[in-house]
Amino acid sequence: MPAAQGTFPGRPARPAEGAAGRLSPTVNFALRIGFYCVLCLVCSALAAVACLLVNGGRTVKNMRIIRAVVRTFKYFFGLRFEVKGLENFKVEGPAIIVSNHQSVLDMMGLMEVLPDNCVQVGKKELMYMGSVGLIIYLGGVIFINRKSTSSAKMVMSEVAKTMVAENVKVWVYPEGTRNCTGDLLPFKKGAFHLAIQAQVPVIPVVYSSFTSFYNPKTKLFTSGKIKVEVLPPIETKGLTPDDVTDLTDRCFSTMRETLFRLSGRPSQAKDSS
Ligand SMILES: CCCCCCCC/C=C\CCCCCCCC(=O)SCCNC(=O)CCNC(=O)[C@H](O)C(C)(C)COP(=O)(O)OP(=O)(O)OC[C@H]1O[C@@H](n2cnc3c(N)ncnc32)[C@H](O)[C@@H]1OP(=O)(O)O
Ligand SMILES: CCCCCCCCCCCCCCCC(=O)OC[C@@H](O)COP(=O)(O)O
């Protein structure tokens, strides 16, 4: 039973609970988000020690430790994942994975399905988030400067080489920022340039909209279910940089259609927006 609005983290409200047990949405939201941040900070510090002891330094192998820890977070918040299509991750060699990005809570969805040998592209500002920055660094995350296309391009072209050499998958959030509107922002093209440069497939992943249980604007944060669908890989062999716009548009429309379907959004809404 979903936690009613205004209950403590992770504890579904009991119908008979009086006013004493109920919190205002704002207080509930602040407590739950604050608890998430503290959980991330504390677990990052502990995981960093484990990563250094087990793997010695920055390596994608640390993602297994991070994944194991973050997968437990959903229980604290009453979140459930319903996953389909994991077999689509089983591609020979590296691939570019692209997914929608709604909130800092996405880290739970990311780790719920993260395949082995997969790192993410993240904004360089993440490095300065204390122990969270440290664990993200140790996990092998690729940092880009979103404000400088040229430097970001250079980083991404390096990634195109190393990912093939090291057989690593790269997870990119092509919207380039969080977006909790229930729709998709226009896609940045870097992920698709990367896939074509490396001649590796693109695997779209779609998370259903969080709006039914999470909305920072209305201070909504209760328990809920998130549907996740891993879509079939899109081959890029033989494509050239001239095909980037088409590939980007194709991924965008497939993912948007899936997002609406998973979120139970009426199809006619697609035409009105
Ligand atoms: C143990 C407890 C732990 C608890 C804590 C949890 C820890 C979890 C651990 C670990 C997981 C961590 C996960 C972190 C995740 C963070 C996610 C974020 O930070 S999201 C923000 C950063 N991501 C992006 O920004 C997307 C990628 N961005 C791009 O790819 C962009 O394209 C970018 C930055 C490369 C350029 O962006 P532009 O804003 O300039 O826009 P554009 O339209 O894409 O590009 C402009 C022109 O440049 C060309 N271009 C872009 N990339 C190119 C390239 N590589 N080569 C050639 N041309 C390129 C394009 O074709 C376009 O040109 P024409 O319009 O077509 O003429
Ligand atoms: C010492 C300083 C400590 C600062 C407080 C740290 C709070 C930890 C919060 C846990 C965050 C877990 C990682 C979240 C990754 C993420 O989702 O970052 C957002 C970016 O994708 C997009 O940023 P934006 O462009 O702002 O939407």
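Residues numbered from 1 in each chain as written. Chains lettered and ligands numbered in written order. Predicted model: local features only at pLDDT ≥ 70, side-chain atom pairs only at ≥ 80, totals over all residues. Heavy atoms only, no water.

What about the overall build of the protein chain?
Working step 1: From N to C terminus, the protein chain includes nine helices and nine strands.
Working step 2: Taken across its 273 residues, the protein chain has 49% of its residues classed as buried.
Working step 3: Long-range pairs, those at least 24 residues apart, make up 74% of the contacts in the protein chain between residues at least 6 apart in sequence.
Working step 4: When the accessible surface of the protein chain is split by element, carbon and sulfur atoms take 61% of a total near 13100 Å². (Helix = DSSP H or I, 4+ residues; strand = E, 2+ residues; numbered from the N terminus. Buried < 20%, exposed > 50% of the residue type's maximum accessible area, 1.4 Å probe, protein only. Contact = heavy atoms within 4.5 Å. Areas by Shrake-Rupley, 256 points an atom, 1.4 Å probe, with all protein chains shown as cover.)

What about the site of ligand 1?
Working step 1: Around ligand 1, the surrounding shell holds 33 residues, and the nearest of these are Lys123, Thr149, Lys189, Gly190 and His193.
Working step 2: The contact in question runs from an oxygen atom of ligand 1 to an N or O atom on the backbone of Lys123, over 2.9 Å.
Working step 3: The protein chains hide 82% of the 1400 Å² of surface that ligand 1 would expose on its own.
Working step 4: Here ligand 1 occupies the largest pocket.
Working step 5: Sorting the residues of the shell around ligand 1 by element identifies helix H1 (25–55), helix H2 (62–70), helix H4 (106–113), strand S3 (118–123), helix H6 (149–165) and helix H7 (190–198) as the ones contributing at least two each.
Working step 6: Broken down by class, the residue content of the shell around ligand 1 amounts to 20 nonpolar, eight polar and five charged. (Near = heavy atom within 4 Å. Polar contact = N/O pair within 3.5 Å; in protein donor to acceptor, adjacent residues only side chain to side chain. 1 Å grid on protein atoms, 1.4 Å probe; cavity = no way out; pocket = protein on both sides within 12 Å on 5 of 7 lines; lining within 4 Å. Sits in = over half its atoms within 2 Å of the grid points. Nonpolar A, V, L, I, M, F, W, Y, C, P; charged D, E, K, R; others polar.)

Brief notes about empty space enclosed by the protein
Working step 1: Inspection of every chain in the model, using the stated rule, returns one cavity of 30 Å³ or more.
Working step 2: Taken together, Asn100, Gln102, Glu175, Asn179, Cys180, Thr181, Gly182, Asp183, Leu184 and Leu259 make up the full set of residues lining the largest cavity.
Working step 3: Across the lining of the largest cavity, the residue classes break down as three nonpolar, five polar and two charged. (Points joined across faces, edges and corners; volume = space filled by probe spheres on them.)

A short note on a nonpolar patch on the surface
Working step 1: A surface patch of nonpolar side chains, amounting to about 360 Å² of accessible area, comprises Val38, Leu41, Val42 and Leu46.
Working step 2: Mapped onto the secondary structure, Leu46 falls in helix H1. (Patch = residues over 30% accessible without salt bridge, like charges linked within 9 Å, V, L, I, M, F, W, Y side chains within 5 Å. Salt bridge = Lys/Arg side-chain N within 4 Å of Asp/Glu carboxyl O.)

Quick word on the sheet that holds strand S9 (residues 224–230)
Note: strands within a sheet are paired through backbone hydrogen bonds, in either parallel or antiparallel orientation.
Working step 1: Strands sit in the order S1-S9-S6-S2-S5-S3-S4 across an open sheet of seven strands; the sheet is mixed. Two strands bound the open sheet, and with one partner strand each, they are strand S1 (79–84) and strand S4 (142–144). Averaged over all pairs of adjacent strands, the angle between their axes in this sheet comes to 25°, without regard to strand direction.
Working step 2: Across three bridges, the pairing between strand S6 (residues 202–207) and S9 is antiparallel. Note on S9: the bridge partner recorded for Val206 is Glu229.
Working step 3: Strand contacts of H4: S1, S3, strand S5 (169–172), S6 and S9, with the helix running at about 40° to S1, the strand carrying the most contacts. (Pairing = 2+ DSSP bridges. Axes fitted to C-alpha atoms, helices over the stretch in contact; angles between N-to-C directions.)

Comments concerning H6
Working step 1: Between the first and last C-alpha of H6 there are 24 Å, a value that for 17 residues agrees with the 24 Å anticipated at 1.5 Å per step.
Working step 2: In this fold, the buried residues of H6 make contact with strand S2 (96–99), S3, S4, S5 and H7.
Working step 3: At the C-terminal side of H6, Asn167 shows a positive phi close to 55°. (Expected span 1.5 Å × (residues − 1).)

Observations concerning the UniProt feature "domain: Phospholipid/glycerol acyltransferase" (unreviewed entry) in the protein chain
Working step 1: In the numbering used here, UniProt assigns the "domain: Phospholipid/glycerol acyltransferase" (unreviewed entry) feature to residues 95–210.
Working step 2: Secondary structure over residues 95–210 splits into 37% helix and 20% strand, and the C-alpha atoms at its two ends are 27 Å apart. (UniProt positions renumbered as here; feature names shortened; annotations may be inferred.)

Some words on the site of ligand 2
Working step 1: In the vicinity of ligand 2, 14 residues are found, and the nearest of them are His101, Lys123, Arg146, Thr177 and Arg178.
Working step 2: Between ligand 2 and His101, the relevant distance is 2.5 Å, taken from an oxygen atom to a side-chain nitrogen or oxygen of the residue.
Working step 3: With respect to ligand 2, the side chain of Arg178 contributes an N or O atom lying 2.7 Å from an oxygen atom.
Working step 4: Relative to its unbound accessible area of 730 Å², ligand 2 is 73% covered by the protein chains.
Working step 5: Its atoms largely coinciding with the cavity grid, ligand 2 occupies the largest pocket.

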